[in-house]
Amino acid sequence: QFPFGRRLPCDIYWHGVSFHDNNIFSGQVNKFPGMMETVRKITLSRAMRTMQDLFPLEYNFYPRSWILPEELPLFVAEVRMMKDRNPSWKPTFIVKPDGGCQGDGIYLIKDPSDIRLTGSIQSRPAVVQEYICKPLLVDKLKFDIRLYVLLKSLEPLEIYIAKDGLSRFCTEPYQEPTLKNLHQVFMHLTNYSLNIHSGNFIHSASVNTGSKRTFSSILCRLSSRGADVKKLWSDIISLVIKTIIALTPELKVYYQSDIPAGKPGPTCFQILGFDILLMKNLKPILLEVNANPSMRIEHEQELSPGVFENVPSPVDEEVKVAVIRDTLRLVDPQKKKRKDTPAGLPLHYPALLFFQACFSKETKETGEIMRHITDPIPCRRCQGVEQAPEAGEELPEAALPSLCLKQVFPKYAKQFSYLRLVDRVAALFIRFLGVKGTTKLGPTGFRTFIRNCKLSNSNFSMAAVDILYIDITRRWNSMGIDHKESGMCLQAFVEAFFCLAQRKYKSLPLHDQVASLIELCECRLAALRGKRLVWGCG
């Protein structure tokens, strides 16, 4: 641990909260630049909405969402319209503060007029979503699933999913929302940090009972009832891949800003926490993505008033130790140098060589995991390894537990690559940013994009291009988007690109309009590059 910063270069850097060290020029970092901003509720909802506009059927696993306060009038109007069309529709909505975590500030409403329009809504924007009223119940309780996903690489895209996860239960029997029970958080909200304060919360030594269980125990139970567990897993894998595809354009913009191409810098990987709800028909619904999922494998137990003790949690240990261990195995930079293991280092796994945990509030959690992985006495999941290897001795892969992380991309790339349209739009955006280290496109960069792709004509002059840029940029900046830089952010560029596509290919559906314009731009830029190469040779 380096509470005051590091002095020597490392192979693996483990930051607690976010990517925050600009002096790393090599090795691997366990955080992507901009990940925390990208998975915030509002940014995630915008990314998913863009994909829903392009691929409505493929992205129907994310609830319909509105962003407050700017979309409050739209929310009110759309709900009124839907009620007029179907008078029997009795919706419930859930309001989630953008920067909230652990259930903080979440509440349910039955009507748009019930939104708590206090002064804080401006300083603390939120997302309002349709509430899933018919979730799958186990023991009459609502629950969600926390799955751990390793984003091992952004370019090329590489995704792994843990084969097991956590099932986190509410602590009061579920009833569909009514005006009388909307406030009962222990019935409606599955957040562990909320339910642990319920008198009904059960800490269990078993992985298939209590208020927190392994997801595999739920699957076994569903399988015994005749459910198609293979299809469920397939749907979850599809959900994860599609969500990552929706997030990668924004991540690439942040990545090139913090680690510009052509300059020395680290590569990145990150463990994400996907929170998923199962509907009664076993359809998975994405609730949110957590950039910093808790890795604690203990919980506090009150021995006497005011006196607490940390007690091991078998469920957390079962899942989380394997995730951390196998993440390090996958990103192990020392695979070819195992014989260079420093003498006296008590390692179960060579992947831990030169591991650094940068000091932060999360270091304690990481430390708990690290003790389980590096302790010479094997933990429950490592009984196959009787003792730590001698210094300089290679630990055979066969002696390790099988990987709990399953690669899903690029393994299934052929099935999902057609969804990566916005990735290609982001590549155009990055190409015309101009100044390295920036995340916003200036007016000159936008005009250069239009000229080089030959998108202006007699019906769409460069003056009209400037007006389009100003209108869209001004509106996005008024939404409270990052004001550190002036210019057009990626989301604003995507909107402008969609406008250009609709203008040029009026008779086609939106997906085909965007795809056609991308191909046109890529083709014209490739031709321009070829001409410049010829001029250079001449």
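Residues numbered from 1 in each chain as written. Predicted model: local features only at pLDDT ≥ 70, side-chain atom pairs only at ≥ 80, totals over all residues. Heavy atoms only, no water.

Caption draft 1: Spotlight on the confidence of the model for the protein chain. Overall, the predicted model of the protein chain reaches an average pLDDT of 84, with 83% of residues at or above 70. The low-confidence segment residues 341-363, where pLDDT is below 50, has 78 contacts with residues more than four positions distant or belonging to other chains. Counted against residues more than four places away or in other chains, residues 374-392, with its pLDDT under 50, gives 43 contacts. (pLDDT = per-residue confidence, 0-100. Contact = heavy atoms within 4.5 Å.)

Caption draft 2: Up close: the packing of aromatic side chains. Following the criterion strictly, the structure yields 19 aromatic pairs and no others. Where Phe429 meets Phe493, the ring centres are 5.3 Å apart and the plane angle is 55°; that geometry is what we call tilted. Taken together, the residues span a long stretch of sequence, with Phe429 in helix α12 (residues 421-431) and Phe493 in helix α15 (residues 490-504) at a distance of 64 residues. Judged by its relative accessible area of 0%, Phe429 is buried. Owing to a relative accessible area of 1%, Phe493 belongs among the buried residues under this scheme. For the pair Phe446 and Phe449, a centre-to-centre distance of 6.1 Å together with 45° between the ring planes defines the contact as tilted. Here the residue Phe446 and the residue Phe449 both occupy positions in helix α13 (residues 443-452), the gap between them amounting to three residues, near one helical turn. (Phe/Tyr/Trp six-rings, centres within 6.5 Å; stacked < 30°, edge-to-face > 60°. Helix = DSSP H or I, 4+ residues; strand = E, 2+ residues; numbered from the N terminus. Buried < 20%, exposed > 50% of the residue type's maximum accessible area, 1.4 Å probe, protein only.)

Caption draft 3: Quick peek at the packing of helix α2 (residues 41-54) against helix α8 (residues 229-258). Where α2 meets α8, the axes come as close as 9 Å, and the angle between the chain directions of the two elements is 105°. The pairing of α2 with α8 is recorded here as roughly perpendicular in orientation. Residue-level contacts link Leu44, Ala47, Met48 and Met51 of α2 to Thr243, Ile245, Ala246 and Leu247 of α8. In terms of residue class, the contact of α2 with α8 is built from seven nonpolar, one polar and no charged. (Axes fitted to C-alpha atoms, helices over the stretch in contact; angles between N-to-C directions. Parallel < 35°, antiparallel > 145°, perpendicular 65-115°, else oblique. Nonpolar A, V, L, I, M, F, W, Y, C, P; charged D, E, K, R; others polar.)

Caption draft 4: Representation of the packing of α12 against α15. As a packed pair, α12 and α15 sit with axes 10 Å apart at the nearest point and diverge in direction by 110°. For the element pair α12 / α15, the angle class is roughly perpendicular. In contact with Val422, Val425, Ala426, Leu428 and Phe429 of α12, α15 contributes Leu490, Phe493, Val494 and Phe497.

Caption draft 5: The arrangement of the pattern of salt bridges in detail. Tallying each qualifying case throughout the model produces 24 salt bridges. Its salt-bridge partner being Asp275, residue Arg168 comes within 3.0 Å of it at the nearest N-O pair. With Arg168 in strand β10 (residues 166-169) and Asp275 in strand β13 (residues 270-278), this residue pair connects regions lying 107 residues apart in the sequence. Residues Arg420 and Asp423 are paired through a salt bridge, measuring 2.7 Å at the closest nitrogen-oxygen approach. The exposure classification of Arg420 matches that of Asp423, with both residues buried. Among the charged side chains, a salt-bridge network with shared partners connects Asp144, Arg146, Arg168 and Asp275. (Salt bridge = Lys/Arg side-chain N within 4 Å of Asp/Glu carboxyl O.)

Caption draft 6: Structural view of the nonpolar core. Phe274, Phe446, Phe449 and Phe497 are the most contacted members of the largest nonpolar core, which totals 101 residues. It is α8 that contributes the most residues to this core, 14 residues altogether. Counting the residues that make up this core, at least three belong to each of domain 1 (35-63 + 132-301 + 310-330) and domain 2 (417-532). Beyond its immediate stretch of four places on either side in the chain, Phe497 contacts Val425, Leu428, Phe449, Val514, Leu517, Ile518 and Cys521. Counting 20 residues, the second largest nonpolar core, distinct from the first, contains Tyr160, Val315, Ala322 and Val323. (Core = buried A, V, L, I, M, F, W, Y, C linked by side-chain atoms within 4.5 Å. Domains from an automatic or database assignment.)

Caption draft 7: Quick look at the sheet that holds strand β4 (residues 93-97). A sheet is described by the order of its strands in space; here four strands give the open sequence β3-β6-β4-β5, paired in antiparallel fashion. Lying at the two open borders of the sheet, with one neighbouring strand each, are β3 (65-68) and β5 (107-109). On average, each strand axis in the sheet is inclined to that of its neighbour by 25°, with strand direction left out of account. Of the strands in this sheet, β3, β4 and β6 (126-130) are in contact with α2, which crosses β3 at around 140°. Strands β3, β4, β5 and β6 of the sheet are contacted by helix α3 (residues 72-85), whose axis makes an angle of about 145° with β3. (Pairing = 2+ DSSP bridges.)

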